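# Descriptive structure summary
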Amino acid sequence: MSENDEAALVERAKHDPEAFGVLYETHVDRIYNYIYYRTGSVRDAEDLTSRTFFRALRGIERYQQQGVPFSAWLYRIAHNLVANWHRDTSRRKVVYLDELSMVAESRPGPEDELEFIAEEAWLQGAIRQLDADRQLLLTLKFGEGLSNIEIGRIMGRSEGAIKSLYHRTLIALKKQLSREES
Amino acid sequence: MVTMRQNNSLVDVLTMYTDRLNEGRDMAAEVVRTFPEYAPDLAALLDLTRRLKAALMPVKPALAFRQALRANLLVARHAKLVPHITIRNPFRRQRIVLISAAIGSVVSVVVGVIAAQVIRNRTADRTHGLPSA
């Protein structure tokens, strides 16, 4: 969807529920993906994705085009909700048993598969220790396969700044993983 | 490889490698060969990039959830009745239950004290407050 098409769609969505539905269809997967990797839980990802879009629905009439992708606004809403979620849940960690069994069932196979799951979970846990901006950067880069220019437009930074942030993020993560491994 | 060589900072090399990886081409060996000056760190960073790519594979919401949320949003939009929150968070629900229970307890105690006082006053009136003949 071109920038102009998206801008027109957003304007329509302020008054037309079906247009909002199209925006929802366009962005729900990426918002869910971002929240999933920030929380590590399907249940919480569904909950926070719902809230993100209900909040967007409430606020869209006041939304003003500022030359950035509509997704930037959605990511900001999601980011705030995830931050609140982390604050609310920081005192107690909940593991949903049904989600654990879902993960186990979705990966058939013995030890090598379990090792793969453990490695993946360990790395995802390390990613969740990073700053929110760095987590968003990694999600956009690997989850959506976006270029630095596209990521910069969403995050409100220059291409050079994103490139540099990516490099620093890799270095920080490498150090963190080395510490944990040792 | 000429174009690869033109980008000579480690930051550029990492970006280029990641972009190619996202396109489905893992050029780690070639990159390490082309940029020996970054050898100490480069191989480890490329390996980390590959692991990140595997760990952050895109996930999609369940179809049922996706459709239900869309329907709820459209209904809310049509009705112009946007719920303040969707209560699915167990902590929030638990908090609401606890606060409600606390308020209920306080109200019960206050009503009990008032009732006891009223009964006591009436009893006192009957006992001592009868008009004398």
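Because the structure is predicted, anything quoted here is derived from the model rather than measured.

### Side note on the overall build of chain A
Helix and strand counts for chain A stand at nine helices and zero strands. For chain A, the residues scored as buried account for 32% of the 182 residues in total. Within chain A, contacts between residues at least 6 apart in sequence are counted, and of these 62% link residues at least 24 apart.

### A few points about the overall build of chain B
Looking only at helices and strands, chain B has six helices and zero strands in total. Going from the N terminus to the C terminus, chain B shows its helices and strands as α-α-α-α-α-α. Within chain B, the fraction of its 133 residues that count as buried is 14%.

### Looking at the domain arrangement of chain A
All names here are of chain A. Domain parsing of chain A yields domain 1 (1-95) and domain 2 (107-182). Using C-alpha coordinates to define each centre, domain 1 is positioned 21 Å away from domain 2. Opposite the 13 residues of domain 1 that make contact, domain 2 presents 12 residues. When residues of the side of domain 1 that touches domain 2 are traced back to their parent elements, those giving at least two are α2 (17-39) and α4 (70-89). For the side of domain 1 that touches domain 2, the per-class residue count stands at seven nonpolar, four polar and two charged.

### Remarks on the packing of helix α3 (residues 42-59) of chain A against α4(A)
Residue and element names in this part refer to chain A. As a packed pair, α3 and α4 sit with axes 9 Å apart at the nearest point and diverge in direction by 130 degrees. Judged on the interaxial angle alone, α4 and α3 are oblique. Crossing handedness for the pair α3 and α4: right-handed. In contact with Asp 44, Leu 48, Arg 51, Thr 52, Arg 55 and Ala 56 of α3, α4 contributes Leu 74, Ile 77, Ala 78, Leu 81, Val 82 and Trp 85. Counted by class, the contact of α3 with α4 contains eight nonpolar, one polar and three charged residues.

### A closer look at the interface of chain B and chain A
Put simply, an interface is often sized by how much accessible area is lost when its parts join up. On the chain A side, the residues contacting the 37 residues of chain B number 39 residues. Of all the elements in the fold, those that place two or more residues in the side of chain B that touches chain A are α2 (10-22), α4 (39-55) and α5 (63-79) of chain B. Looking at the side of chain B that touches chain A, its residues break down into 22 nonpolar, seven polar and eight charged.

### Thoughts on the packing of α2(A) against helix α7 (residues 132-143) of chain A
Residues and elements named next belong to chain A. Between α2 and α7, whose axes approach to 10 Å, the crossing angle comes to 130 degrees. Considered as vectors, α2 and α7 are oriented oblique to each other. Crossing of α2 over α7 shows right-handed handedness. Contact residues: Asn 33, Tyr 34, Tyr 37 and Arg 38 in α2; Gln 135, Leu 136, Thr 139 and Gly 143 in α7. Residue composition of the contact of α2 with α7, by class: three nonpolar, four polar and one charged.

### Things to note about the nonpolar core
Nonpolar side chains in soluble globular proteins generally cluster together in the buried interior. All names here are of chain A. Ile 35, Ala 78 and Leu 137 are the most contacted members of the largest nonpolar core, which totals 51 residues. The dominant element in this core, judged by the number of residues it contributes, is α2, at 10 residues. With residues up to four places along the chain from it excluded, the contact list for Ala 78 reads Ile 31, Tyr 34, Ile 35, Leu 48 and Thr 52.

### Things to note about the environment of Arg50(B)
Residues and elements named next belong to chain B. Within the secondary structure, Arg 50 sits in helix α4. Given 15 C-beta atoms within 10 Å, Arg 50 falls into the partly exposed group. In the structure, Arg 50 is positioned 24 residues away from Asp 26 in sequence and 8.3 Å away in space, judged by C-alpha atoms. Contacts of Arg 50, omitting those with residues within four sequence positions, involve Leu 21, Asp 26 and Ala 28.

### Things to note about α4(B)
Its 17 residues place the ends of α4(B) 25 Å apart at the C-alpha level, agreeing with the 24 Å of an ideal helix rising 1.5 Å per residue. Buried within α4(B) are the following residues: Leu42(B), Leu45(B), Leu46(B), Thr49(B), Leu52(B) and Ala55(B).

### Focus: the environment of Leu173(A)
Mapped onto the secondary structure, Leu173(A) falls in helix α9 (residues 159-181). Since 22 C-beta atoms lie within 10 Å of it, Leu173(A) is described here as buried. Considered as a pair, Leu173(A) and Asn80(A) are 93 residues apart in the sequence and their alpha carbons are 23 Å apart. Discounting chain neighbours no more than four positions away, the residues touching Leu173(A) are Ala126(A), Leu130(A) and Leu48(B).

### Remarks on the confidence of the model for chain A
This prediction gives chain A a mean pLDDT of 86; 86% of its residues lie at or above 70. By mean pLDDT, helix α5 (residues 97-106) of chain A is the weakest element of chain A at 54, and α3(A) is the strongest at 96.

### What about helix α8 (residues 148-155) of chain A?
Among all positions of α8(A), only Asn148(A), Ile151(A), Gly152(A), Arg153(A) and Ile154(A) are buried. Each element contacted by the buried residues of α8(A) is listed here: α4, α7 and α9 of chain A together with α2 of chain B. Just beyond α8(A), the residue with positive phi is Gly156(A), at close to 70 degrees.

The rules behind each value
Residues numbered from 1 in each chain as written. Chains lettered and ligands numbered in written order. Predicted model: local features only at pLDDT ≥ 70, side-chain atom pairs only at ≥ 80, totals over all residues. Helix = DSSP H or I, 4+ residues; strand = E, 2+ residues; numbered from the N terminus. Buried ≥ 20, exposed ≤ 12 C-beta atoms within 10 Å, placed from the backbone. Contact = placed C-beta atoms within 7 Å. Domains from an automatic or database assignment. Nonpolar A, V, L, I, M, F, W, Y, C, P; charged D, E, K, R; others polar. Axes fitted to C-alpha atoms, helices over the stretch in contact; angles between N-to-C directions. Parallel < 35°, antiparallel > 145°, perpendicular 65-115°, else oblique. Left-handed = near helix turned anticlockwise from the far one by under 90°. Core = buried A, V, L, I, M, F, W, Y, C linked by C-beta atoms within 7 Å. Expected span 1.5 Å × (residues − 1). pLDDT = per-residue confidence, 0-100.

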